[in-house]
Amino acid sequence: MDFYLTALLQGLCFSGIALGIFISMKIFNIPDITTDGSYTLGGAVTAVMLLHHVPGYLILPVVILAGGIAGAITGFIHTKLKVNPLLAGILVMTALYSVNLTLMGRSDLPLINTSSLFTIVNLIANPNQNTLVILLFFVAITTFLIGYLLKTDFGIAMRATGNSESMIRALGVNTDRMKIIGLALANALTAVSGYLVTQFQSFADISMGIGIVIVGLGSVIIAETLINWLNITSVWLSLLLILGGAIIFQLVLAFTLNIGVDANLLKLVTAVFVLLIVGLPRLKNSQS
């Protein structure tokens with residue numbers, strides 16, 4: 001049971017990535033590969049600051065700012081320099097590898113016997129249950145803030161930029177600015193996932209972000225499939241399903257390991273699982 005509880009906790013930690021991918025790919029239709037670098041950036045900043053005994057309430061704002069700057073740079077390169085968004089993300093992701101390595105000073109930073117969010121706040125004696133309560137509260141606040149933002153006039157303008165850029169530009173909205181802010185927000189959320197995961201697993205690694213975009217994409221695709229099946233139009237329900245998609249994704253991977261699949265094949269299993277989620281609905285539609 002603890003095995004699946006750990007998967008649940010990881011799913012909650014990855015909720016920021018899922019929300020970030022939702023904003024970049026589903027709202028703005030931008031395949032943002034910066035995710036791989038900004039996730040590691042969040043972890044690297046968290047680890048370095050924890051090792052230097054920086055107060056916890058200062059770490060999260062710095063992580064959000066760092067991730068936001070990374071996303072804004074990608075948005076700037078895409079909108080102002082007219083570079084393909086995929087290439088812009090790859091360029092920033094590549095640059096972030098060096099930035100993260102410089103910040104960390106080495107390829108990995110263990111945080112054993114270092115205080116973290118999950119050890120400072122003690123609500124329940126059981127460590128896993130205590131972590132679960134903290135993550136549920138953290139994710140609930142984050143989801144509420146994103147949902148509230150998307151319901152404001154600014155959020156509606158963001159969503160309209162992705163749906164019909166020419167129309168919203170004709171109404172006087174600066175779509176370039178919307179894209180830059182949107183990508184900054186998406187990568188800030190991704191960095192927050194790095195912040196949570198680093199404290200959850202008690203180490204940061206320079207390669208922790210490799211392929212992490214697949215986790216977010218898989219979570220969003222699971223949610224999108226459910227949204228289409230249930231014909232959901234509510235922003236709040238959509239965000240909740242995205243969180244559910246992140247949890248389901250991790251539970252499926254946990255089940256895969258639990259039945260004896262070699263851990264070395266986990267990335268392959270992840271890729272195949274996402275391919276099935278993407279391909280089966282389209283295959284079914286083509287046959288009907």
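Trainee: Even after reading the chapter, I still don't get the pattern of salt bridges, so can you show me in this structure?
Mentor: A pair can form between side chains of opposite charge whenever their charged atoms are brought close. Under the counting rule described, the total for this entry stands at five salt bridges. Across the salt bridge formed by Lys80 and Asp176, the nearest N and O atoms sit 3.8 Å from each other. Of the two residues, Lys80 is situated in the loop between helix H4 (56–79) and helix H5 (85–104) and Asp176 in helix H10 (residues 175–201); the sequence distance between them amounts to 96 residues. Looking at Lys80, the relative accessible area reads 44%, which means it is partly exposed. Taking the relative accessible area as the measure of exposure, Asp176 reaches 17% and is therefore buried. Two residues, Arg169 and Glu165, come together in a salt bridge whose shortest N-O distance is 2.6 Å. Here Arg169 pairs with Glu165, and both are found in helix H9 (residues 165–170), just four residues apart, close to one helical turn. Via salt bridges that share partners, Glu165, Arg169 and Lys179 belong to a single interconnected network.

Trainee: What's the story with empty space enclosed by the protein in this structure? I'm lost.
Mentor: It is a probe the size of a water molecule, rolled over the atoms, that shows where empty space is left. Using the criterion set out here, one finds one cavity of 30 Å³ or more in the structure. Each pocket or cavity is described by its volume, and for the largest cavity that value is around 30 Å³. Around the largest cavity, the lining residues are Ser15, Gly16, Phe138, Val139, Thr142, Leu189, Val192 and Leu196. Elements that contribute at least two residues to the lining of the largest cavity include exactly helix H2 (15–27), helix H7 (127–151) and H10. Residue composition of the lining of the largest cavity, by class: five nonpolar, three polar and no charged.

Here is what the cut-offs are and how they apply
- Residues numbered from 1 in each chain as written.
- Predicted model: local features only at pLDDT ≥ 70, side-chain atom pairs only at ≥ 80, totals over all residues.
- Heavy atoms only, no water.
- Salt bridge = Lys/Arg side-chain N within 4 Å of Asp/Glu carboxyl O.
- Helix = DSSP H or I, 4+ residues; strand = E, 2+ residues; numbered from the N terminus.
- Buried < 20%, exposed > 50% of the residue type's maximum accessible area, 1.4 Å probe, protein only.
- 1 Å grid on protein atoms, 1.4 Å probe; cavity = no way out; pocket = protein on both sides within 12 Å on 5 of 7 lines; lining within 4 Å.
- Points joined across faces, edges and corners; volume = space filled by probe spheres on them.
- Nonpolar A, V, L, I, M, F, W, Y, C, P; charged D, E, K, R; others polar.

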